[in-house]
Amino acid sequence: MIRRQNLNPKIILASQSPRRRELLELAVKDFEIKVADIDEKKIEMDILKNQDGDFLAAAKKLVLELSLRKAQEIQKDNQEALVIGADTVVVLNDQILGKPMDEDDAYRMIKILSGNTHRVLTGVSIKFGNLEEQFVSVSKIKFFSWNKQMKREVRAYVASGKAMDKAGAYGIQEEAGLWVKWIKGDYNNIVGLPIAQLNKRLNKLMNKKVN
């Protein structure tokens, strides 16, 4: 739980993700939700087309930039608030799997993840006045190999609509958890917000503001 010292700023989460809201509630009991209007696809294209061959480094840069842009956009009209921006991507080899375009795309994404190891990256940016904190959390996940059982489960999951608003077309906290062979790293990062790291950064920022 963050200690606000003698401060009591308005805290804003620049995300409409219900998973991020639930995770932030573990550390912050009183905050608002505001959604930033930024062109995420253009930012992604600009960063990835200029990447120098290290795709993972480019993906880290992308989630940091997107999270920062979200926080900056909300801070424009909320100068006194502490604003948290976050962005999550799924990386398989040298490609980013974003939110699926339709059910066929969701099915395709999950199928290519099966039997493979992929990474989930979440970039977090915190803006509080002229102070700023940023970090990236990376988790590795391996799915079981594709078989008839997984095929049935994936079809049902996609048909439920749950895949459509998630990077990589799955939520590990849902039925997709049945396909996970192992994970390495922060589970909550895969859900969408590395709350333990964020909690420490929030306290660090509050202490800076006081001092």
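Rules behind the numbers
- Residues numbered from 1 in each chain as written.
- Predicted model: local features only at pLDDT ≥ 70, side-chain atom pairs only at ≥ 80, totals over all residues.
- Heavy atoms only, no water.
- UniProt positions renumbered as here; feature names shortened; annotations may be inferred.
- Helix = DSSP H or I, 4+ residues; strand = E, 2+ residues; numbered from the N terminus.
- Buried < 20%, exposed > 50% of the residue type's maximum accessible area, 1.4 Å probe, protein only.
- Contact = heavy atoms within 4.5 Å.
- Polar contact = N/O pair within 3.5 Å; in protein donor to acceptor, adjacent residues only side chain to side chain.
- Expected span 1.5 Å × (residues − 1).
- Axes fitted to C-alpha atoms, helices over the stretch in contact; angles between N-to-C directions.
- Left-handed = near helix turned anticlockwise from the far one by under 90°.
- Nonpolar A, V, L, I, M, F, W, Y, C, P; charged D, E, K, R; others polar.
- Core = buried A, V, L, I, M, F, W, Y, C linked by side-chain atoms within 4.5 Å.
- Pairing = 2+ DSSP bridges.

An unreviewed UniProt entry lists the protein under the name dTTP/UTP pyrophosphatase, from Acetobacterium tundrae. UniProt lists a comment for the protein under the heading Function (unreviewed entry), and it reads "Nucleoside triphosphate pyrophosphatase that hydrolyzes dTTP and UTP. May have a dual role in cell division arrest and in preventing the incorporation of modified nucleotides into cellular nucleic acids." Regarding the protein, the relevant UniProt record gives this comment under Cofactor (unreviewed entry): "a divalent metal cation".

(A) Quick peek at the UniProt feature "active site" (unreviewed entry) in the protein. Here, the residues flagged by UniProt with the feature "active site" (unreviewed entry) are Asp87. Tracing the backbone shows aspartate 87 in strand E3 (residues 82–92). Given the relative accessible area of 6%, aspartate 87 is considered buried. With residues up to four places along the chain from it excluded, the contact list for aspartate 87 reads Arg20, Glu40, Val63, Leu66, Ser67, Lys70, Leu121, Thr122 and Gly123. Polar contacts involving the side chain of aspartate 87 include one to the side chain of lysine 70, which spans 3.0 Å.

(B) Geometry of helix H3 (residues 55–75). Here H3 contains 21 residues, and its C-alpha end-to-end distance of 30 Å stays within 8% of the 30 Å for a straight helix at 1.5 Å per residue. When we look at burial in H3, the residues that qualify are Phe55, Ala58, Ala59, Leu62, Val63, Leu66, Ser67, Leu68, Lys70, Ala71, Ile74 and Gln75. In this fold, the buried residues of H3 make contact with strand E1 (11–14), helix H2 (40–49), E3, strand E4 (95–97), strand E5 (117–128) and strand E6 (131–143).

(C) Just the packing of helix H4 (residues 103–113) against helix H5 (residues 148–159), in detail. One can describe the packing of H4 onto H5 by two numbers: an axis separation of 10 Å at closest approach and a directional angle of 145°. Where H4 crosses over H5, the handedness of that crossing is right-handed. Contacts between H4 and H5 involve Glu103, Ala106, Tyr107 and Ile110 on the former and, on the latter, Met150, Lys151, Val154, Arg155, Tyr157, Val158 and Ala159. Split by residue class, the contact of H4 with H5 holds eight nonpolar, no polar and three charged.

(D) Quick peek at the side chain of asparagine 78. Checked against the element boundaries, asparagine 78 lands in the loop between H3 and E3. In this structure the side chain of asparagine 78 is engaged in a polar contact, spanning 3.2 Å, whose partner is the side chain of lysine 10. In this structure, asparagine 78 is in contact with Lys10, Ile12 and Lys34, ignoring residues within four places of it in sequence.

(E) Structural context of the side chain of glutamate 133. When you line up the elements, glutamate 133 lands in strand E6. Within the structure, glutamate 133 has its side chain in polar contact with the side chain of arginine 201 (distance 3.0 Å). Ignoring sequence-local partners within four residues, the contact set of glutamate 133 consists of Val124, Ser125, Ile126, Arg201, Lys204, Leu205 and Lys208.

(F) Representation of the nonpolar core. Ranked by internal contacts, the top residues of the largest apolar core, which has 45 residues, are Leu24, Leu82, Ile84, Ile110, Phe143, Tyr170 and Leu198. Other than its neighbours up to four places away in sequence, tyrosine 170 contacts Leu113, His118, Val120, Ile141, Phe143, Tyr157, Ala176 and Ile190. Ile12, Leu48, Val83 and Leu121 belong to the second-largest nonpolar core, a separate cluster that totals 21 residues.

(G) Layout of the pairing of E3. Within E3, 11 of the 11 residues are buried, which leaves the element mostly enclosed by the surrounding structure. Of the two faces of E3, the one carrying Leu82, Ile84, Ala86, Thr88, Val90 and Leu92 and the one carrying Val83, Gly85, Asp87, Val89 and Val91 are both buried. Across 10 bridges, E3 lies against E5 in antiparallel orientation. Note on E5: the bridge partner recorded for valine 90 is valine 120.

(H) Local environment of the packing of H2 against H3. Contact geometry for H2 and H3: axes closest at 10 Å, N-to-C directions at 145°. As H2 packs across H3, the resulting crossing turns out to be right-handed. Here Glu40, Ile43, Glu44, Ile47 and Leu48 of H2 lie close against H3, whose contacting residues are Phe55, Ala58, Lys61, Leu62, Glu65, Leu66, Arg69 and Lys70. Among the residues making up the contact of H2 with H3, the classes are represented as seven nonpolar, no polar and six charged.

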